[in-house]
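Each chain is listed here by its residues.
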2 protein chains.
Amino acid sequence: MQTPTLRDVADAAGVHPATASRALNPATRGLVNADTARRVIKVAESLGYRPNPIARGLKTAKSGTVGLVIPDLTNPLFPPIVRGIEDVLEPAGYSGLIVNTDNDPGRERAQIEQLRSRQVEGLIIATALLDHPLLAQLRREGVLMVMVNRRPDGIDVPSITPDDATGVELAVRHLADLGHRRIAHLAGPLQTSTGLVRARAFRSAIRDRGLDDDPDLVEVCTYWSEEAGAVGLRTLLDRGTEFTAVVAGNDLIALGCYDVFAERGIDCPSEISVVGFNDMPFLDKLRPPLTTIAIPHQQIGAEAARLLLDAIADPARPARSVLLPLSLVVRGSTAPPR
Amino acid sequence: MQTPTLRDVADAAGVHPATASRALNPATRGLVNADTARRVIKVAESLGYRPNPIARGLKTAKSGTVGLVIPDLTNPLFPPIVRGIEDVLEPAGYSGLIVNTDNDPGRERAQIEQLRSRQVEGLIIATALLDHPLLAQLRREGVLMVMVNRRPDGIDVPSITPDDATGVELAVRHLADLGHRRIAHLAGPLQTSTGLVRARAFRSAIRDRGLDDDPDLVEVCTYWSEEAGAVGLRTLLDRGTEFTAVVAGNDLIALGCYDVFAERGIDCPSEISVVGFNDMPFLDKLRPPLTTIAIPHQQIGAEAARLLLDAIADPARPARSVLLPLSLVVRGSTAPPR
DNA sequence: CTGAAAGCGCTAACAA
DNA sequence: TTGTTAGCGCTTTCAG
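Residues numbered from 1 in each chain as written. Chains lettered and ligands numbered in written order. Predicted model: local features only at pLDDT ≥ 70, side-chain atom pairs only at ≥ 80, totals over all residues. Heavy atoms only, no water.

## Section: the interface of chain B and chain A
And then number 1: Taken together, the contact between chain B and chain A spans 48 residues of the former and 49 residues of the latter.
And then number 2: Buried surface at the junction of chain B and chain A, summed over both partners, amounts to about 4,300 Å²; 54% is from carbon and sulfur atoms.
And then number 3: Where chain B packs against chain A, one counts 12 salt bridges.
And then number 4: Inspection of the chain B/chain A interface yields 24 residue pairs in polar contact (both at pLDDT 80 or more).
And then number 5: Broken down by element, the residue count for the side of chain B that touches chain A peaks at 6 residues, all from helix H5 (residues 78–89) of chain B.
And then number 6: By residue class, the composition of the side of chain B that touches chain A is 20 nonpolar, 13 polar and 15 charged. (Contact = heavy atoms within 4.5 Å. Buried area = accessible area lost by both parts, 1.4 Å probe. Salt bridge = Lys/Arg side-chain N within 4 Å of Asp/Glu carboxyl O. Polar contact = N/O pair within 3.5 Å; in protein donor to acceptor, adjacent residues only side chain to side chain. Helix = DSSP H or I, 4+ residues; strand = E, 2+ residues; numbered from the N terminus. Nonpolar A, V, L, I, M, F, W, Y, C, P; charged D, E, K, R; others polar.)

## Some remarks on the sheet that holds strand S8 (residues 245–248) of chain A
Remark on secondary structure: sheet strands pair via backbone hydrogen bonds, oriented parallel or antiparallel.
Residues and elements named next belong to chain A.
And then number 1: Here we have 6 strands laid out as an open sheet, ordered S7-S6-S8-S9-S10-S12, and mixed in their pairing. The open sheet has two edge strands, strand S7 (218–220) and strand S12 (327–329), and neither has a second partner. Averaged over all neighbouring strand pairs, the angle between strand axes comes to 20°, with direction disregarded.
And then number 2: Where strand S6 (residues 183–187) lies against S7, 3 bridges are found, and the strand directions are parallel. Directly across from alanine 187, in S7, lies its bridge partner valine 220.
And then number 3: Here helix H8 (residues 164–178) sits on the sheet in contact with S6, S8, strand S9 (273–278), strand S10 (291–294) and S12, set at roughly 160° to S9. (Pairing = 2+ DSSP bridges. Axes fitted to C-alpha atoms, helices over the stretch in contact; angles between N-to-C directions.)

## Observations regarding the UniProt feature "domain: HTH lacI-type" (unreviewed entry) in chain A
And then number 1: Within this structure's numbering, the places UniProt gives as "domain: HTH lacI-type" (unreviewed entry) are residues 4–60 of chain A.
And then number 2: Secondary structure across residues 4–60 of chain A comprises 67% helix and 0% strand; the distance between its end C-alpha atoms is 21 Å. (UniProt positions renumbered as here; feature names shortened; annotations may be inferred.)

## A few points about the pairing of S6(A)
All names here are of chain A.
And then number 1: Burial within S6 is extensive, with 5 of its 5 residues counted as buried.
And then number 2: Alternating residues of S6 divide into Ile183, His185 and Ala187 and Ala184 and Leu186, and every residue in both groups is buried.
And then number 3: Examined bridge by bridge, S6 and S8 share 4 bridges and lie parallel to one another. The residue of S8 that forms the bridge with isoleucine 183 is alanine 245. (Buried < 20%, exposed > 50% of the residue type's maximum accessible area, 1.4 Å probe, protein only.)

Here's what the structure looks like:
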């Protein structure tokens, strides 16, 4: 026999399907005679009954799924976020549908379309969403959304982002405490909100501490990649500006610095200290282990899921946004200047 | 107006919903007058009609989803696999529902239960599934499955696994070619099929090439972890057995070796060469960059998804199993013995 | 080639 | 407290 339906349970328990439905649903169980309920539940168990959420969804217009829109699961940034999301979705009876957009606006659009047709109840969006109009349109159509890692400006969507400014501040303070006065910044692309926020935070952290605020100490990388980081550091070095430490826009950019160190025979940390950003896995295995700012990715995911679940429960509730605190992880790539 | 239904389209096109359904479904479009079909399609487009897979699923008993059962998305092994899976699922109109089991048999059982109630059409299983009976039961109940990274013995389920034996062979050959004669093996836990297969392959590769086949050269690690790898190497070293190279059960174990090298002032590769297994991300950033065996994780995922899709299309087709070839990535941790 | 009718499994009024 | 009825959006016989 195939998996039993509600009808089978009802028949076996000698009640009407509607009664069985009420008995089996904790929310409506109160409407049913306790004995009957018990009996129905027992029968359901013995039959191995499993409710069919699809059928339920058809009726209630709730699918019990949410869409997770990420650029690329292969980017080490995202697995912990997704894990955090799943961890709160699951106990709530929800499942996440993951799509990878590779940051291609066309795919993004198509994938979101897909998700919507699958009747997801909301979207957790971790992509850059270059196609800003899409965001606005989704909002207009009443699609529930939470943005991760990115605060959409000019549009009222709940978001959950790391407190990048304070993170940069942490890095600068750490270096200043070690005695560095001339600290460089290899910024990420300024079109990305992260790149911009961090670069701005860097300048103000430098100024706040009265360190050398020299525009030549900032170099903008064209991508968030090792290659771009290497290019950036080379430019900085070739410019002849003096500096004893660099705050990298993220860990990948810091990794690019390592390449340049090897290539030019520069010793880290004795000649140049480096601080990364993100705390990717295995950074502690590098020589030297990379000092970096840790982002609580999993919590970010968890928080995002909570926000979305809240929005689903009460769509009218105003959009909250959360800023998550970061922490400094001191390893071997930073030391006092010599 | 809410998202339009098939009825809306039919009304607007002046046809019966059934006709609209036929026109919109490529598979049944032939049953309909070409002109009518065109008209319906046009109307559907202009209305922004999106079919509701849930409703369709209710009727056809197909959900368009498959379950992905993995231990922990946070383990760098799995993201590429999942990505590979998604990449073939998506164009086929399927979505993957991911669950993390943390290798807890109870959770695994519950999660699979969950997936089944969500009417997944099949399961891609990447966990150890310690609870072997569960596997057998699922088979018995006709659940379509594909195993990843693990060949279930004694049970007829399609699987897609890396060709570990040849991988180990590759590593041993590489070291032998460099001139090593006494090669050690830090095996992964022998209760895991991977650990066992690799350890066996090691012995036979050694014998095949006429190298020193000394049981003292093999040490079994209790986990697939750095810590266990470090412990293993220390044991090997303390035993006093001579060796100039080690084949690690996986990259994490190799990383553990790096720790011991640092701790005992051993130079790699001049004193001891190391080969890892897996080619995790960022291995090229280590000092020295780790030579390792690369597993085509993404292809594994893609292949697994294809297998499952095939099984869904034709459940009667006999279980195929695929062995994927590995490759050697030579980096800086291997050199001729001195 | 198209329409009518029924039903997938479940839930939500409404009535009894 | 329980049963009746209807219907979510779609597909699929079966007629016409």
